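Listed here are the chains, written in short residue letters.
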Amino acid sequence: LGGMLGSEVWSITEPSPGQHAWLGIDYPSPSDTQLVSPPLDVSANANLILTFSHRYKFEFGQTTLWDGGVIEISTDGGQSWVDASTYGAPAYDGVLGDPQNQAQNVLKGRMGYADESPAWPLANVETIDFGATLAGQTIQVRFRIGTDDAVGDFGWEIDDIAFQGIDNTPFASVIDDAAECVAPTADAGPDQTVSAGT
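What comes next is a walk through the structure. Here the structure is a predicted model, which means the values were calculated and not measured.

A look at the pairing of strand S6 (residues 49-57)
(1) Moving on: In terms of residue burial, S6 counts as a mostly covered element, since eight of its nine residues are buried.
(2) Moving on: By the bridge criterion, eight bridges tie S6 to strand S13 (residues 153-164) in an arrangement that is antiparallel. Across the sheet, the residue bridging to Leu 50 is Phe 163, located in S13.
(3) Moving on: Sheet topology places S6 next to strand S11 (residues 124-129); six bridges connect them, and they run antiparallel.

Some remarks on the sheet that holds strand S2 (residues 10-16)
Backbone hydrogen bonds are what pair the strands of a sheet, in a parallel or an antiparallel way.
(1) Moving on: Judged by pairing direction, the sheet is antiparallel, and its five strands sit side by side in the order S2-S3-S13-S6-S11 without closing on themselves. With one partner strand each, in any of the chains shown, S2 and S11 form the two edges of the open sheet. Strand-to-strand twist across the sheet, computed as the mean angle between neighbouring axes with direction ignored, equals 40 degrees.

Let's talk about unusual backbone geometry
(1) Moving on: Here Trp 120 and Pro 121 are connected by a cis peptide whose omega angle stands at 5 degrees.
(2) Moving on: Of note, Pro 121 is situated in the loop between strand S10 (111-112) and S11.
(3) Moving on: At Gln 62, a residue that is not glycine, the phi angle is positive and equals roughly 55 degrees.
(4) Moving on: Locating Gln 62 in the fold gives a position in the loop between S6 and strand S7 (68-74).
(5) Moving on: Relative accessible area serves as the criterion here: at 75%, Gln 62 is assigned to the exposed category.
(6) Moving on: Located in the positive-phi region is Asp 160, a residue other than glycine, with phi close to 50 degrees.
(7) Moving on: Locating Asp 160 in the fold gives a position in strand S13.

Remarks on the nonpolar core
(1) Moving on: In terms of nonpolar packing, the biggest core is built from 32 residues, with Ile 71 and Trp 156 touching the most fellow members.
(2) Moving on: Sorting the residues of this core by element identifies S6, S7, strand S12 (138-147) and S13 as the ones contributing at least two each.

Some remarks on the environment of Asp 98
(1) Moving on: For Asp 98, the location among the structural elements is in the loop between strand S9 (94-95) and S10.
(2) Moving on: Relative accessible area serves as the criterion here: at 2%, Asp 98 is assigned to the buried category.
(3) Moving on: Along the primary structure Asp 98 and Trp 120 are separated by 22 residues, whereas in three dimensions their C-alpha atoms are 23 Å apart.
(4) Moving on: If sequence neighbours within four positions are ignored, Asp 98 has contacts with Thr 64, Trp 66, Ala 103 and Lys 108.

Scoring rules and cut-offs
Residues numbered from 1 in each chain as written. Predicted model: local features only at pLDDT ≥ 70, side-chain atom pairs only at ≥ 80, totals over all residues. Heavy atoms only, no water. Buried < 20%, exposed > 50% of the residue type's maximum accessible area, 1.4 Å probe, protein only. Helix = DSSP H or I, 4+ residues; strand = E, 2+ residues; numbered from the N terminus. Pairing = 2+ DSSP bridges. Axes fitted to C-alpha atoms, helices over the stretch in contact; angles between N-to-C directions. Core = buried A, V, L, I, M, F, W, Y, C linked by side-chain atoms within 4.5 Å. Contact = heavy atoms within 4.5 Å.

Encoded structure:
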């Protein structure tokens, strides 16, 4: 997690029993927060592809996309970031921020995810193919939310983040327990004889 108010905005949630996802809320005052990946070693021989499941609902009014989120990439250890659209085609909804300058958002003027996701309240699966332009480099990817001066909403829920075309294994995984399962043996004791009605 990174940015101003990162731990207040981002948390792990449980959208359904046993299912966990990251949730970055649409904070009701100015914020700039990020969910940042570990370093990813991009393969020199395969396209880099990002797949994730998400749903979002950001503050929206009239024709103004007040709050929203973007995906960014760093090739220098997080010193600088560029929008994912530099290398691929995220399914952004429109330009964030208000043109009348009634409120300030760090992402103002940028394309981003805003208003409601297409299948809201259900999640959409999105795949971004970055091609071979980042081949052989070590990169980081971050999901970034920018909010303005007032009014919040649900935010951005992200799950099932997966990368194809990387050589390292930077994420923890859940695997089956290697131990052998042994069924319990029930023993209620010897049979008994009792009188009727006892």
